[in-house]
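# Breakdown of the fold
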Amino acid sequence: QVQLVESGVGLVQTGGSLRLSCAASSNIFSVNIMRWFRQTSGEQRELVADISPGGRKNYADSVKGRFTISRNNAKNTMYLQMNDLKGEDTSVYYCNAELRLAARDSYADYWGQGTQVTVSS
């Protein structure tokens, strides 16, 4: 069973904007920290941003001031608003979250399927 599902348009021109979403299954007991990573071919996976349940945020220097991470805890959903996109933002973006599936379970790390984001020049 897939627990994290990403969605969003992944093709945009330089300077444009797009928004990615990552939804955890509605029956998840609890969602802890949520993160966006990206991985370009031949590169290591990079942490783009993360957000705590209380809304504390962190950003990679490369996206600070352009990207905004947010979450809706009632909907178990996280978003990444990406503005002023540049060619170097082209990558596969992965949702990540610590999920507790049921009260009897512990938190564990889960990944979305990945979304190709291409910024054209």
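Only a predicted model underlies this, so the values are computations on that prediction, with no experimental measurement involved.

Turning to the pattern of salt bridges, a few remarks are in order. Working definition: two side chains of opposite charge can pair if their charged atoms are close together. Enumeration over the complete set of coordinates arrives at seven salt bridges. Among the ionic pairs, D89 bridges to R38, the shortest N-O distance being 3.0 Å. With D89 in the loop between β8 (77-82) and β9 (91-100) and R38 in strand β4 (residues 30-39), the pair connects residues that are 51 residues apart, well separated along the chain. The buried category is assigned to R38, whose relative accessible area is 6%. Note that D89 is salt-bridged to R66, the shortest N-O span being 2.7 Å. Separated by 23 residues along the polypeptide, D89 in the loop between β8 and β9 and R66 in the loop between β6 (57-59) and β7 (67-72) bring together distant segments of the chain. Exposure class is identical for D89 and R66. Each is buried. Counted as one network, the salt bridges with shared partners bring together R38, E46, R66 and D89.

Thresholds applied
- Residues numbered from 1 in each chain as written.
- Predicted model: local features only at pLDDT ≥ 70, side-chain atom pairs only at ≥ 80, totals over all residues.
- Heavy atoms only, no water.
- Salt bridge = Lys/Arg side-chain N within 4 Å of Asp/Glu carboxyl O.
- Helix = DSSP H or I, 4+ residues; strand = E, 2+ residues; numbered from the N terminus.
- Buried < 20%, exposed > 50% of the residue type's maximum accessible area, 1.4 Å probe, protein only.

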